[in-house]
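So you can see what is in the structure, the chains are spelled out below.
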Amino acid sequence: MFIKSPSFKNNEMIPAKYTCDAENINPALVFSGIPSAAVSLVLIVDDPDAPGSTWVHWTVWNMSPETAEITEKSAPDGSVEGNTDFGTPGYGGPCPPSGTHRYFFKLYALDITLKLDASATAADIEDAMQGHILGSAELIGLYKRS
C-alpha cells in the first residue's frame, strides 16, 4: 500500500498553502496498492512533535476502498470526518508553535466499516480498527513557521 502527495515528497516540507499560515486546506493525496479484500479506508493525520501529546489534525474514515485520491480541500463522498484536536471536524493544517514538526499522514485498509459517529476521536478510531487492519501506508510531511 502507498500514500503520496503531488504537493510534497515524503520527509520534505509541506507548502504553506496547506497550513494555518495560508489557505489551511488539505493537500491532495494519492493512494495505491489497496488490498483487494479491503472494505474501507481510514486516514489519520497527526503531529507527534506537538507539546504535551500527539496533536490530531484530520481523521477520515469509511472511505471506499476504490478511493484512489483525495483532492485538495475535500474529503471523499460517503466518508466521515471526525473532530480533531482543534475541536472541529475536517482538516486543520500544520501550525507548530516552534521548530520543525513532523506530520504523519497514515492510511489504513480495513476489513470492516467503522460504526462510529463524527464525534469519534483518533483514539476511538484506532481502538475500533484493532484486529481489522489489512494494510497500511504512511507519508510524512514537515513544517516550520516563518
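You'll find the structure just up there.
Residues numbered from 1 in each chain as written. Predicted model: local features only at pLDDT ≥ 70, side-chain atom pairs only at ≥ 80, totals over all residues. Heavy atoms only, no water.

Novice: Lay out the packing of aromatic side chains with the relevant residues and their values.
Specialist: Ring pairs (aromatic) are described by centroid distance and by the angle formed between their planes. According to the stated counting rule, one finds 3 aromatic pairs in the structure shown. Judged by centre distance (5.4 Å) and plane angle (75°), the rings of W55 and F86 are edge-to-face. On the criterion of sequence distance, the pair formed by W55 in strand β5 (residues 55-63) and F86 in the loop between β7 (80-81) and β8 (101-110) is long-range, its members being 31 residues apart. Judged by relative accessible area, which is 31%, W55 ranks as partly exposed. Look at F86 and you get partly exposed, because its relative accessible area is 40%. (Phe/Tyr/Trp six-rings, centres within 6.5 Å; stacked < 30°, edge-to-face > 60°. Helix = DSSP H or I, 4+ residues; strand = E, 2+ residues; numbered from the N terminus. Buried < 20%, exposed > 50% of the residue type's maximum accessible area, 1.4 Å probe, protein only.)

Novice: Account for the sheet that holds β7, with residues named and values stated.
Specialist: A sheet is described by the order of its strands in space; here 6 strands give the open sequence β2-β9-β8-β4-β5-β7, paired in mixed fashion. The open sheet terminates on both sides in strands that have one partner only, identified here as β2 (12-13) and β7. As paired strands, strand β4 (residues 40-47) and β8 are joined by 7 bridges and run antiparallel to one another. Bridging across to β8, L41 finds its partner in A109. Running at roughly 140° to β4, helix α1 (residues 122-129) makes contact with β4, β5, β8 and β9 (133-143) of the sheet. (Pairing = 2+ DSSP bridges. Contact = heavy atoms within 4.5 Å. Axes fitted to C-alpha atoms, helices over the stretch in contact; angles between N-to-C directions.)

Novice: Go over the side chain of T19, please, and point to the residues and values.
Specialist: Examined against the element boundaries, T19 turns out to sit in the loop between β2 and β3 (29-32). A distance of 3.3 Å separates a polar atom in the side chain of T19 from a polar atom in the side chain of Y143. Sequence-distant contacts of T19, that is, excluding residues within four places in its chain, are made with I14, N24, G93, P94 and Y143. (Polar contact = N/O pair within 3.5 Å; in protein donor to acceptor, adjacent residues only side chain to side chain.)

Novice: An account of α1 is requested, with residue identities and associated values reported.
Specialist: Three or more residues of α1 are buried, namely A122, I125 and M129. Buried positions in α1, seen along its axis, are confined to an arc of 60° and lie on one side of it. On its buried side, α1 packs onto β4, β5, β8 and β9. Note on α1: the residue one or two positions beyond its end, G131, has a positive phi of about 80°. (Arc of directions from axis to C-beta.)

Nothing here speaks to function; it is geometry throughout.
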